[in-house]
Amino acid sequence: MTFDTTVTVRVPAKVNLQLAVGPGREDGFHDLVNVFHAVSLFDEVTAKDASARRSRPLTELTADGDVGSHLARVPLDSSNLAARAAGLLAETTGKATPVDLSLLKQIPVAGGMAGGSADAAAALVACDRLWGSGLAREELLGLAARLGSDVAFGLVGGTAVGTGRGEILTPMHSPGRFHWVFALSPHGLSTPAVFGEYDRLFPRAPEPRESPALREALAAADTAALGRALDNDLQPAALSLLPELERTLETGRAAGAVGALVSGSGPTCAFLVGGGDEPARTVADRSAAVVAALEAGGLCERVVTAEGDVPGATVL
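Residues numbered from 1 in each chain as written. Predicted model: local features only at pLDDT ≥ 70, side-chain atom pairs only at ≥ 80, totals over all residues. Heavy atoms only, no water.

Draft legend 1. How the structure looks around helix α2 (residues 115–131). The end-to-end C-alpha separation of α2 is 24 Å, in line with the 24 Å expected for 17 residues at 1.5 Å each. By the criterion of burial, α2 is predominantly enclosed, with 15 of the 17 residues buried. Downstream of α2 by a residue or two, G132 has a phi angle that is positive, lying close to 65°. (Helix = DSSP H or I, 4+ residues; strand = E, 2+ residues; numbered from the N terminus. Expected span 1.5 Å × (residues − 1). Buried < 20%, exposed > 50% of the residue type's maximum accessible area, 1.4 Å probe, protein only.)

Right, dumping it as structure tokens:
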């Protein structure tokens, strides 16, 4: 039997259409209702057999890509979540050989769009194929859940609601195609810091509940209703830590965005600019207006467009 010596996996970013956060748990996590939506900003993770190299750490990492100053934030050691994913797979299967992992990034780093988690999901799929481990989908999902709350969604993609700490996924019916503008901040926000600020601001947070209005808007592919239903309990904490995000949100709304929110723990701001049965020209004009206003505002490092939903990790 022969195996691939190089495997490349493409994996999408996510935006949180709803993020309802409950009170802190004894294990340090929070119960969540987290509606994930995969969008067409992709990272690619390439796993290449490195069994011939003289040094034999399990993984060696490199990173490149179109993420501006964010690239410097990518750790290239064993703390990288993609490296940890390879290590967990090796520990689980016992089939590992040294591997070089190359990350080609479009997803912002520490931006609330699960870039590190996406890379971990891609690394699981790539190394599973490279090493011929042959794990079933449910086994990969189990490993993903052990790595982090958002990793499993990178495998699944589409639109799904995550419960527990976000790792228990149920697909949601979302037949529409939605168009987005994302304002990438020059700053990063630590997810633990944002949750810590949330706990300070809301020490008696209620149990999280799914939004019926959001589910109905997705099922009907109703862009206006979806814009009204977007909601993120972590947004006040992100704005408290980085107040300039409020101006970014206001700028996009004033330019015509149908809906706006901070994605996840931030600081990326997401603007819904169209979808459903709207005319393509209407969506394009609205998107262009929002992009122009955000770029002129001077608060963003980059502004990018994407659409969703899209599939999860895919071998190229």
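Past the structure itself, the notes keep going.
Draft legend 2. Quick look at the layout of surface pockets. There is about 1,100 Å³ of room inside the largest pocket. For the largest pocket, the lining is made up of 44 residues, of which L81, S117, D150, T191 and P192 are closest to its centre. Listing elements by their share of the lining of the largest pocket, those giving two or more residues are β1 (6–24), β2 (30–49), α1 (81–93), β4 (99–105), α2 and α5 (191–201). Looking at side-chain class alone, the lining of the largest pocket contains 18 nonpolar, 19 polar and 7 charged residues. (1 Å grid on protein atoms, 1.4 Å probe; cavity = no way out; pocket = protein on both sides within 12 Å on 5 of 7 lines; lining within 4 Å. Points joined across faces, edges and corners; volume = space filled by probe spheres on them. Nonpolar A, V, L, I, M, F, W, Y, C, P; charged D, E, K, R; others polar.)

Draft legend 3. Broad picture of the pairing of strand β9 (residues 259–262). With burial as the criterion, each face of β9 is covered, one bearing G259 and L261 and the other bearing A260 and V262. Bridging between β9 and strand β10 (residues 269–275) involves 4 bridges; their strand directions are antiparallel. When the bridges of β10 are listed, L261 appears paired with A270. Hairpin connection, β9 to β10: the antiparallel pair is bridged by 6 residues, and G264 has positive phi, about 55°. (Pairing = 2+ DSSP bridges.)

Draft legend 4. Representation of the pairing of β4 within the structure. Side-chain alternation along β4 places V99, L101, L103 and K105 on a buried face and D100, S102 and L104 on a face that remains uncovered. Two strands pair when backbone bridges link them, and β2 and β4 are joined in this way by 6 bridges, in the antiparallel orientation. Bridge pairing links E44 to L104 in β4. The pairing of strand β3 (residues 59–65) with β4 spans 7 bridges and is classified as parallel. Counterpart to T59 in the pairing with β4 is V99. Taken together, β3, α1 and β4 form a β-α-β motif whose crossover is left-handed. (Right-handed = clockwise from strand over helix to strand, strands pointing away.)

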